[in-house]
Amino acid sequence: TQLLEQSPQFLSIQEGENLTVYCNSSSVFSSLQWYRQEPGEGPVLLVTVVTGGEVKKLKRLTFQFGDARKDSSLHITAAQPGDTGLYLCAGEQSAGNMLTFGGGTRLMVKP
Amino acid sequence: EAQVTQNPRYLITVTGKKLTVTCSQNMNHEYMSWYRQDPGLGLRQIYYSMNVEVTDKGDVPEGYKVSRKEKRNFPLILESPSPNQTSLYFCASSFSPDGQPQHFGDGTRLSIL
């Protein structure tokens, strides 16, 4: 069992649809990061959330950190084929500790 | 251009033949780490280094060694590779480990036959 569980593991949708992916844990995190990884490349940071209840927006992507800082979600509005990739969440359990990654959500957006 | 460079990008080798994957960063980062990525398991940390000559085990260190003789370089060494070490490996660096964004290399795909 992973410390951070991401769901769904796979998601295939049509261009223009909305979607939400989840990152859940029974542990509290002092911060949580979301990365996107494309084939043949390393993960690239999208956002870091730090405060419980925090919401951050990055164009069509909305990130939320749960009030209890145990979970997070990523919502994409009007998905585009360019959103295709592997989305990873990574949490830091307490200041100074290492990042723990979730298993990832592989998203495919079909034109 | 700020980057983390790994070499080689791809390697097919045989069980028991020692290999080294190099990692170099040009951002003067103190913190560097190695991960392996396997389907459904996400990224698992192998080793990390807080600074020169300071290294420590991550979650899955068995079968691996690292060294940090210079700030910019953090090679991953497989003394006697085995098939269960077939994986995609990533090196990452940041100014510190506590919530700072990790900058990743483009990965090294190792196949151990």
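For the structure, check the block above.
Calculation notes
Going along each chain's sequence as written, the residues are numbered from 1 onward. Lettering for chains starts from A, numbering for ligands starts from 1, and both go in the order in which the items are written. The predicted origin of the model limits local features to residues at a pLDDT of at least 70 and limits the giving and counting of side-chain atom pairs to 80 or more, whereas totals for whole chains, interfaces and linings rest on all residues. By convention in this description, side-chain values take in all heavy atoms of the structure and omit both hydrogens and water. Think of it this way: a Phe, Tyr or Trp ring, Trp meaning its six-membered ring, pairs with another when their centres are within 6.5 Å, and the plane angle makes it stacked under 30 degrees, edge-to-face over 60, tilted otherwise. For helices the rule is a DSSP run of H or I covering at least 4 residues; for strands it is a run of E covering at least 2, with both sets numbered from the N terminus onward. Think of it in three bands: with a 1.4 Å probe and only protein chains considered, a residue is buried below 20% of the maximum accessible area for its type, exposed above 50%, and partly exposed in between. Our definition puts a charge over a ring when NZ of Lys or CZ of Arg is within 6 Å of the ring centre and also within 35 degrees of the ring normal. Cysteine sulfur atoms that come within 2.5 Å of each other are treated as a disulfide pair. Strands are labelled as partners when DSSP assigns at least two bridges between them.

**Student:** Help me understand the packing of aromatic side chains in this model?
**Tutor:** Note on aromatic pairs: each is described by the distance of the centres and the angle between the planes. Summed over the entire model, instances satisfying the criterion amount to nine aromatic pairs over all chains. A centroid spacing of 5.7 Å and a plane angle of 45° characterise the contact between A:Tyr35 and A:Phe101, whose relative ring orientation is tilted. In this pair, A:Tyr35 is assigned in strand 4 (residues 31–37) and A:Phe101 in strand 10 (residues 99–101), connecting sequence segments 66 residues apart. A:Phe101 carries the same exposure label as A:Tyr35, and that label is buried. The structure contains a cluster of three or more aromatic residues connected by ring pairs, namely A:Tyr35, A:Phe101, B:Tyr35, B:Phe90 and B:Phe104. A cation over an aromatic ring shows up here: B:Arg68 above the ring of B:Phe74, its NZ or CZ 6.0 Å from the ring centre.

**Student:** Would you take a moment to explain the state of the cysteines for this structure?
**Tutor:** Put plainly, a disulfide is one covalent bond tying together the sulfur atoms of two cysteines. All names here are of chain A. Counted under the stated rule, the structure contains two disulfides over all chains. Through a disulfide, Cys-23 is tied to Cys-89; the S-S separation comes to 2.0 Å. Across the S-S bond of Cys-23 and Cys-89 the torsion is about 75°, and the bridge reads as right-handed. Placement of Cys-23 in strand 3 (residues 19–24) and of Cys-89 in strand 9 (residues 85–92) is noted, with a sequence separation of 66 residues between them. The buried category is assigned to Cys-23, whose relative accessible area is 0%.

**Student:** What is the right way to read the sheet that holds strand 3 (residues 19–25) of chain B from this model?
**Tutor:** By way of backbone hydrogen bonds, the strands of a sheet pair with one another, either parallel or antiparallel. Residues and elements named next belong to chain B. The four strands lie next to each other as 1-3-8-7, forming an open sheet whose pairing is antiparallel. Each edge of the open sheet is held by one strand with a lone partner, namely strand 1 (4–7) and strand 7 (65–66). Where strand 1 lies against strand 3, four bridges are found, and the strand directions are antiparallel. Bridge assignment links Thr-5 to a residue of strand 3, and that residue is Ser-24.

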